[in-house]
Amino acid sequence: MAVPRNNDPNDSRDRSDGGRNATTGNMSIEALADAELYDIPVNVDFLKIVQYAETQNQTNAGHRNQAWQRSLRAYHNEHSSRSKYLGRLYSNRTKLFRPKTRSAVRKNLASVGNALFSTSDVVSIRAEHDSDPRKLASAAVWNEVLNYRLDRTSTKAGIPWFLIAIGASMDAQLHGICCSKQCWEYEATTKTRQVEVRKPLMDDLGQPVFSPDGIPAEIISQEDEEYEKISKDRPMILLIPPENVILDESAPWYDPAQLSGYLTIQYPMTVNDAKAMMKSPGKTDETAWLDVPDEMLKTGSSEYDSQGVRLARQQSGQDRQSRSSGPGGEHGIVWMHENFVRFDGVDYHFWSIGSISYASKIRPTEEAYPEQLGARPYTIGYGAIESHTIYPMSPVESWQPLQQEANDIVNLQLDVMKQWAAPIAKVRQGRMFDWNSLQKRGAGGIDLIVKDADDITFDRAPDISSSTYMQSDRINADMDDLSGSFSQGSVATNRALNETVGGMRLMSGSANSVTEFDLRLWVETWVEPVLRQVVRALQHYETDEAILSIAGERSKMVERFGVDSLTDEDLIHEASVSVNVGIGASDPMQRLQKLGMGFQMLGTIAPFFNKKKKIDAEEIIKEVMGAIGFNDGMRFFVDDEGGDKNPEMMMEMAKLEIEKGKLSLEAEMNSEDNETRKLVEQMQGRFSLIETLINRMADMNEVEMQNRVNRANALTKGMGDMFGQMGQGARRPQQREPV
């Protein structure tokens, strides 16, 4: 389709479509204002591609949305919408939903919490080239900045990382995928304040007036000054509901967010919020938003087929993001779409109001998000893996057949137990009874009066056989194996193993291995890619001098790398981001045992290591104390203010002590006491030995030098004790002479 560039009469390009603008659904003149600058193909209507993507998604999302609804209802301990328990025939039957699904999901969430948040800094950033000290120092600084940002929860500087990570893990378990956007949030408002202004006092001739002391006179006044108050200046991770993600179904399954031919993210928001978003220039003061009339914004309140998924998630009778739920007007719901379309090998980005009208200019993605170096600022992670499928079956959905069987068995058992406690009444035909009292009978009720005992009898159901309980235990064990849980049902089923400690460890180990695999899959596909994009945003937008100063101090870049300052070029470089989640991360005791075994094995071969490798005691303290439940274990340890003194400094101090001793000996040599002279001769021998040791230390390595210094200190201390005794012995005769 040919799209007009402008209405210039001198422009000879094709305008056969009549010069339509944004209000008719086609590209506006403003949307093509940067077409020459970015080489945008003007013969392509990108909004048509978005409409096609939306149609394809609605066609293919039916079965997927039903599966997601079942998973959400199971997590809320509710039967599926098509369950027999919701029918009229089961209105008076037991309809219990066993919370096996919710229990398994919460155990997996607890494993995520233990793995990611047991220590104060799980994330580590390393330089790609470890031979450059400046790049090593830069990686250390960004490591501290990232941990500082993730550790804070304030809306101005911090990221609510705990809630976002746990929520993403829950999405991955319930839907099979989780999606998030990594961006920089910046909000600032212009305020006015009173400031004191000093101006020189001038006379009628325009000359400055001086005081008698020769000081220029000033006029002090209060004036208004505008300043920018920053309310938000932070990297942010926005968690996207999976039903609001539209992907190309033919995208490569291993990275659909980046390699999909088109990617559309639906954002429901009020009209007022949409207008505020389109007015915000961002931190770079660059904006690509179009001037969209309010009437056009209000037309974007379309309904989507995924409304059932939102209802299942909210557990309410009305979708809060639907057109009819809001009050309308400025607070009505409008669906804004962020779109990415790849055409001729170039990825383009723009916003639209639904699929009706453009809301921003079309630009290459690398221009819209320069911090991501051409990548889309979105990440899609997996809770389960199925090759060649971008929407795998979620773990919760895979548990549902066993969950339904567990529900059926327990409901049948409860029905039989209830019929045994309150059996069915059989009444002889033709007899007159108080039928209301018969139906409402219960404990403390009215007794029935009959003429003949055979007129009414109670038929009790047969007792529940042991085979039903055995089958229930087997279903529990199968579900625990599938979900990676370790429960009492697993112990009761495997009697041959639960009678020994080794067997218990074997069962728990197999359960932990499944949990750890799911955890590692989610970390590799979502956590690490997300944090890499957050680091790129930090490198591009971080300007908080206080945070950078704190990070520089915590990284100890001067002591570790010999770098006292970093330039912008040093700070912007590719770094590898890793999350320290390994085998045993979900089990703290297993983690401690493996850590101890590892250090024990390393200790046997430590003498063969390079002398440059040293043990980082601070990291060991964090790991061990974190595994036993203390997030910041360093608070139990304090620095030794005295510390180990430098051997060279200690040698100099020993030399000073020798010089002081020589001066004292010269003074004592004048004494006529024989005992004093003998002590002086012994001390001279000690001094000679210490001087010999000090002279030899210059040719020794650090360890040998430290040992010799310790020996010299011991000798010096002994020398001081002897000298003190000598002084006391020399003074006593002198005190006795007058007597």
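Quick notes on the rules
- Residues numbered from 1 in each chain as written.
- Predicted model: local features only at pLDDT ≥ 70, side-chain atom pairs only at ≥ 80, totals over all residues.
- Heavy atoms only, no water.
- Helix = DSSP H or I, 4+ residues; strand = E, 2+ residues; numbered from the N terminus.
- Buried < 20%, exposed > 50% of the residue type's maximum accessible area, 1.4 Å probe, protein only.
- Contact = heavy atoms within 4.5 Å.
- Areas by Shrake-Rupley, 256 points an atom, 1.4 Å probe, with all protein chains shown as cover.
- pLDDT = per-residue confidence, 0-100.
- Axes fitted to C-alpha atoms, helices over the stretch in contact; angles between N-to-C directions.
- Parallel < 35°, antiparallel > 145°, perpendicular 65-115°, else oblique.
- Phe/Tyr/Trp six-rings, centres within 6.5 Å; stacked < 30°, edge-to-face > 60°.
- Lys NZ or Arg CZ within 6 Å of the ring centre and 35° of its normal.
- Disulfide = S-S within 2.5 Å.
- Pairing = 2+ DSSP bridges.
- Salt bridge = Lys/Arg side-chain N within 4 Å of Asp/Glu carboxyl O.
- Arc of directions from axis to C-beta.
- 1 Å grid on protein atoms, 1.4 Å probe; cavity = no way out; pocket = protein on both sides within 12 Å on 5 of 7 lines; lining within 4 Å.
- Points joined across faces, edges and corners; volume = space filled by probe spheres on them.
- Left-handed = near helix turned anticlockwise from the far one by under 90°.
- Nonpolar A, V, L, I, M, F, W, Y, C, P; charged D, E, K, R; others polar.
- Expected span 1.5 Å × (residues − 1).

Undergrad: Give me the overall build of the protein: which residues, what numbers.
TA: Looking only at helices and strands, the protein features 24 helices and 13 strands. Residues counted as buried form 41% of the 739 residues belonging to the protein. If you take every contact in the protein between residues at least 6 apart in sequence, the share linking residues at least 24 apart comes to 72%. Approximately 42300 Å² of the protein is accessible, and the part contributed by carbon and sulfur atoms is 51%.

Undergrad: Go over the side chain of Arg149 with me, naming the residues and quoting the values.
TA: Within the secondary structure layout, Arg149 lies in helix H4 (residues 133–151). If near-sequence neighbours (up to four positions away) are discounted, Arg149 is found in contact with Lys156, Ala157, Gly158, Ile159, Trp184, Asp233, Arg234, Pro235, Leu538, Glu542, Asp544 and Ile547.

Undergrad: Run through the confidence of the model for the protein, naming residues and quoting values.
TA: On average, residues of the protein score 76 in pLDDT, and 64% of them reach the 70 mark or higher. Note on residues 1–31: pLDDT is under 50 here. Beyond four places in sequence and across chains, it has 61 contacts. For residues 722–739, every residue scores under 50 in pLDDT, and the model assigns this stretch 12 contacts once sequence neighbours within four places are set aside.

Undergrad: Requested: an account of the packing of helix H2 (residues 46–75) against helix H11 (residues 395–421), with residues and values cited.
TA: The relative placement of two packed helices comes down to the angle between their axes together with the axis-to-axis distance. Taken N-terminus to C-terminus, the directions of H2 and H11 make an angle of 75°; their axes are 9 Å apart at the nearest point. Regarding the angle of H2 to H11, the classification is roughly perpendicular. On H11, the residues touching Ala67, Arg70, Ser71 and Ala74 of H2 are Val396, Glu397 and Gln400.

Undergrad: So what's going on with the packing of aromatic side chains? Residues and values would help.
TA: Taken as a whole, this structure holds 14 aromatic pairs when the rule is applied. Taken together, the ring pairs connect Phe46, Tyr348, Phe350 and Tyr358 into an aromatic cluster. The aromatic ring of Tyr391 is capped on one face by Arg64, whose charged end is 3.9 Å from the ring centroid. Over the ring of Tyr75 we find Arg102, and its NZ or CZ is 4.3 Å from the ring centre.

Undergrad: Before we move on, can you summarise the state of the cysteines with the specific residues and values?
TA: What makes a disulfide is a covalent bond joining the sulfur atoms belonging to two cysteines. Following the criterion strictly, the structure yields zero disulfides and no others. As a non-bridged cysteine, Cys178 has Cys179 as the owner of its nearest cysteine sulfur, 7.9 Å distant.

Undergrad: Any details on the side chain of Glu185? Residues and values, ideally.
TA: As for its position among the elements, Glu185 is in strand E2 (residues 177–200). On the basis of relative accessible area, Glu185 is assigned to the buried category, the value being 18%. Excluding anything up to four places from it in sequence, Glu185 contacts Lys232, Asp233, Arg234, Met236 and Leu238.

Undergrad: Before we move on, could you go through the pairing of E2 and cite the residues and values that matter?
TA: Relative to strand E10 (residues 378–382), E2 is paired through five bridges, and the arrangement is antiparallel. When the sheet's bridge partners are listed, Ser180 is paired in E10 with Thr379. Here E2 pairs with strand E3 (residues 218–240) via 22 bridges, running antiparallel. Looking across to E3, one finds that Thr192 is bridged to Glu226.

Undergrad: Describe the pattern of salt bridges, listing the residues and the values that go with them.
TA: Summed over all chains, the structure comprises 20 salt bridges. A salt bridge links Arg520 to Glu524; its shortest N-O distance comes to 2.8 Å. With Arg520 and Glu524 both in helix H16 (residues 501–541) and four residues apart, this pair spans about one turn of that helix. Judged by its relative accessible area of 26%, Arg520 falls in the partly exposed class. Arg532 is paired through a salt bridge with Glu528; the nearest N and O atoms lie 3.3 Å apart. Here Glu528 and Arg532 lie together in helix H16, a separation of four residues that amounts to about one turn. Take Arg532: its relative accessible area is 32%, and that puts it in the partly exposed class.

Undergrad: Give a description of the sheet that holds E2 that names residues and reports values.
TA: Spatially, the three strands line up as an open sheet ordered E3-E2-E10, and their pairing is antiparallel. The sheet terminates laterally at E3 and E10, the two strands that pair on one side only. Across the sheet, the mean angle from the axis of one strand to that of its neighbour is 20°, orientation sign disregarded. Strand contacts of helix H5 (residues 161–175): E2, E3 and E10, with the helix running at about 25° to E3, the strand carrying the most contacts.

Undergrad: Tell me about helix H7 (residues 271–279), and please be specific about residues and values.
TA: Listed as buried for H7 are Val271, Ala274, Lys275 and Met278. All buried residues of H7 lie within an arc of 100° about the axis, which places them on one face of the element.

Undergrad: Run through empty space enclosed by the protein, naming residues and quoting values.
TA: The rolling of a water-molecule-sized probe over the atoms marks out the regions of remaining empty space. If you walk through the whole model with that rule in mind, you get four cavities of 30 Å³ or more. In terms of lining, the largest cavity is formed by Asn108, Ser111, Val112, Ser169, Ala172, Gln173, Gly383, Pro395, Thr515, Asp518, Leu519 and Trp522. Elements with a contribution of two residues or more to the lining of the largest cavity: helix H3 (100–117), H5 and H16. With four residues, the single largest contributor to the lining of the largest cavity is H16.

Undergrad: So what's going on with the packing of H3 against helix H13 (residues 466–483)? Residues and values would help.
TA: Taken N-terminus to C-terminus, the directions of H3 and H13 make an angle of 30°; their axes are 11 Å apart at the nearest point. Where H3 crosses over H13, the two elements pack in a sense that is right-handed. Contacts between H3 and H13 involve Lys100, Thr101, Ala104 and Asn108 from the first element and Asn476, Met479, Asp480 and Ser483 from the second. Of the residues assigned to the contact of H3 with H13, the class counts are two nonpolar, four polar and two charged.

Undergrad: An account of unusual backbone geometry is needed here, citing residue identities and associated values.
TA: Although it is not a glycine, Asn77 sits at a positive phi angle of roughly 60°. When you line up the elements, Asn77 lands in the loop between H2 and H3. Taking the relative accessible area as the measure of exposure, Asn77 reaches 31% and is therefore partly exposed. Of note in this structure, His388 is not a glycine but carries a positive phi near 65°. Take His388: it is sitting in the loop between E10 and H11. Overall, the relative accessible area of 67% leaves His388 in the exposed class.

Undergrad: Which residues make up H5, and what are the values?
TA: In this model H5 runs 21 Å from its N-terminal to its C-terminal C-alpha over 15 residues, within 8% of the 21 Å that 1.5 Å per residue would give. The element H5 is extensively covered by neighbouring structure, given that 12 of its 15 residues are classed as buried. Listing the buried residues of H5 in full gives Trp161, Ile164, Ala165, Ile166, Gly167, Ala168, Ser169, Asp171, Ala172, Gln173, Leu174 and His175. Once H5 finishes, Gly176 follows within two positions and takes phi at roughly 90°, a positive value.

Undergrad: Residue-level account of the environment of Gln413, with values.
TA: Following the sequence through the fold, Gln413 ends up in helix H11. Linking Gln413 and Ser465, residues 52 residues apart in sequence, is a C-alpha distance of 9.7 Å. Sequence-distant contacts of Gln413, that is, excluding residues within four places in its chain, are made with Ile464, Thr468 and Tyr469.

Undergrad: Would you mind going over the environment of Leu521 in detail, with residue names and values included?
TA: Secondary-structure assignment places Leu521 in helix H16. It is 6.9 Å that separates the C-alpha atoms of Leu521 and Gly383, two residues lying 138 residues apart in sequence.

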